[in-house]
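Spelled out from the first residue to the last, the chains are:
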Amino acid sequence: MPEIPLPPELLEFQRTLVPPAAGDAKELLASFDAYTNQGMPEVGGIELKVPLREANGWQVTADVYRPVGEPPFPTLVYLHGGAWVMGAPATHRRLAADLATLGLLTLVVDYRRAPRHRFPAAVEDTLHAVAWARSAAARFGGDPDRLLLGGDSAGANLAAAALATGAAGPVEAALLCYGIYDVQRSLPVVEHLVGGRDPDTQLYLEPEDARQLLDDPRLHPERHCAGFPPSLVLVGDQDPLLGESRSLAERLAAAAVPHELAVVAGAPHGFLQLPTLPAHAEGLSRIARFLAARGLAVAPGAPAAGG
């Protein structure tokens, strides 16, 4: 199958986080899906829409990607990005398969999204998914005693928020990719995606929460990171949210939490979903090295998976 080129407008979208014009949204999203999910690597198996629970009329599910090889595998609970309002496990199929090639049983959670389900629904679904993985991962070949938590963009915020609450339980490592770690600080960057700074029009928080923006670990996890596990903080140097990752790394260092800040040269926001960019392969390689350094199983040759 020929390689699908990266549409220039998609790269600009990833760099600036500016959404498409309403009339072009459907076309751009179709282009995004075709591009980001091309060339999926071989995995040991995929099970889609595994039910986790029903919550407020939403069936929370997970797509499960099993590595090639013999179980048990370290288990990664992964939260997709999309500014808390967009995205789905289907938009992250290639990335989920890439992570599975690193030897991780990868569970991509279809958590509740705003504006239908506002904060803290997605955080609650994240915590439930972690608890579910501890009890159910073995059914899919996962090792519940080697549990990881990760996500990209808003998904990294959810992963960090779950850790910051202290309710996630023991976690071996965190994979935090170009995330938002202080919602109050980051709203000016993502306000066009969550409806603006007006408490009555933004989409993620309830209006009263948006007015108060209390010091809540579920919103500002970097302020409550002392209990984090060893963490990879991955980001591109062209990402408008680069400062978020640098700030989190500074807080982790101050709290003496083992961590690595990996800044990938030439990489825009969302580069793990841009499979034809060199930054995609470099990002996966940095993840693989981080895992290997901590004794977590990594499939042979895995750093090359993003090529």
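A brief look at the structure comes next. Given the structure is predicted, the values throughout are model-derived calculations rather than measurements. (Residues numbered from 1 in each chain as written. Predicted model: local features only at pLDDT ≥ 70, side-chain atom pairs only at ≥ 80, totals over all residues. Heavy atoms only, no water.)

**Digging into helix α3 (residues 93-101)**
For α3, the buried fraction is high: 8 of the 9 residues fall into the buried class. Within α3, burial applies to Arg94, Leu95, Ala96, Ala97, Asp98, Leu99, Ala100 and Thr101. Positive backbone phi, at 95°, marks Gly103, one or two positions downstream of α3. (Buried < 20%, exposed > 50% of the residue type's maximum accessible area, 1.4 Å probe, protein only. Helix = DSSP H or I, 4+ residues; strand = E, 2+ residues; numbered from the N terminus.)

**Re the pattern of salt bridges**
A side chain of one charge can pair with a side chain of the opposite charge when the charged atoms of the two come close. Per the stated rule, a full pass over the model turns up 12 salt bridges. Between Arg112 and Glu124 there is a salt bridge, with its nearest N and O atoms 3.4 Å apart. Of this pair, Arg112 sits in the loop between β4 (105-110) and α4 (121-136) while Glu124 sits in helix α4; the two residues are 12 residues apart in sequence, bridging distant segments of the chain. Taking the shortest distance from any N to any O, the salt bridge between Arg112 and Asp125 comes out at 2.9 Å. (Salt bridge = Lys/Arg side-chain N within 4 Å of Asp/Glu carboxyl O.)

**Details of the nonpolar core**
Proteins that are soluble and globular tend to have nonpolar side chains buried together. Among the nonpolar cores identified, the biggest contains 54 residues, and Val77, Leu149, Tyr204 and Phe228 are the most heavily contacted of them. Element by element, the count of residues in this core is highest for helix α5 (residues 154-165), at 9 residues. Judged by nonpolar contacts, the second largest core, of 27 residues, contains Leu104, Tyr178, Phe290 and Leu291. (Core = buried A, V, L, I, M, F, W, Y, C linked by side-chain atoms within 4.5 Å.)

**Describing unusual backbone geometry**
Looking along the chain, the bond that leaves Pro71 and enters Pro72 is cis, with omega of 5°. Looking along the chain, the bond that leaves Phe119 and enters Pro120 is cis, with omega of 10°. Relative to the assigned elements, Pro120 resides in the loop between β4 and α4. Even without a glycine there, the phi angle at Lys49 is positive, about 55°. Mapping Lys49 onto the fold places it in strand β1 (residues 45-55). You can call Lys49 exposed: its relative accessible area is 59%. Backbone geometry at Ser153 places phi at a positive 55°, although glycine is not the residue there. With respect to the helices and strands, Ser153 occurs in the loop between β5 (142-152) and α5. For Ser153, a relative accessible area of 10% gives the class buried.

**Considerations on the sheet that holds strand β2 (residues 58-66)**
The strand order across the open sheet formed by 8 strands is β1-β2-β4-β3-β5-β6-β7-β8, and the pairing between neighbours is mixed. Looking at strand neighbours, the two that pair on one side only are β1 and β8 (259-264), the edges of this open sheet. Adjacent strand axes in the sheet meet at a mean angle of 20° when their direction is disregarded. Sheet analysis places strand β7 (residues 231-236) next to β8, joined by 6 bridges and oriented parallel. Bridged to Gly236 within β8 is Val264. (Pairing = 2+ DSSP bridges. Axes fitted to C-alpha atoms, helices over the stretch in contact; angles between N-to-C directions.)

**Focus: the pairing of strand β3 (residues 73-79)**
Here is the key point about a regular strand: its side chains alternate between the two faces of the sheet. Here β3 lies mainly inside the structure; 7 of its 7 residues are buried. Pairing geometry for β3 and β5, over 7 bridges, is parallel. Bridge pairing links Pro74 to Asp143 in β5. What joins β3 to β4 is α3, and the crossover it makes is right-handed. (Right-handed = clockwise from strand over helix to strand, strands pointing away.)

**Points about the packing of aromatic side chains**
Throughout the structure, instances matching the rule amount to 4 aromatic pairs. Ring geometry for Phe119 and Tyr204: centres 5.9 Å apart, planes at 65°, overall edge-to-face. Remark: Tyr204 occurs in the loop between α6 (183-194) and α7 (207-212) and Phe119 occurs in the loop between β4 and α4; sequence separation between them is 85 residues. Residue Tyr204 is classed as buried on the basis of its relative accessible area, which comes to 3%. Centre to centre, the rings of Trp132 and Phe140 are 6.0 Å apart; their planes meet at 40°, and the pair counts as tilted. (Phe/Tyr/Trp six-rings, centres within 6.5 Å; stacked < 30°, edge-to-face > 60°.)

**Digging into the pairing of β5**
The buried fraction of β5 is high, at 8 of 11 residues. Sheet analysis places β5 next to strand β6 (residues 173-177), joined by 5 bridges and oriented parallel. Residue Gly150 lies in a different strand from β6, and its bridge partner there is Leu175. Considered for its hand, the β-α-β crossover made up of β5, α5 and β6 is right-handed.

**A closer look at a nonpolar patch on the surface**
Together, Met40, Ile46 and Leu48 make up a nonpolar patch on the protein surface, roughly 260 Å² of accessible area in all. With respect to the element layout, Ile46 can be found in strand β1. (Patch = residues over 30% accessible without salt bridge, like charges linked within 9 Å, V, L, I, M, F, W, Y side chains within 5 Å. Areas by Shrake-Rupley, 256 points an atom, 1.4 Å probe, with all protein chains shown as cover.)

Any functional reading would require information that these geometric values do not contain.
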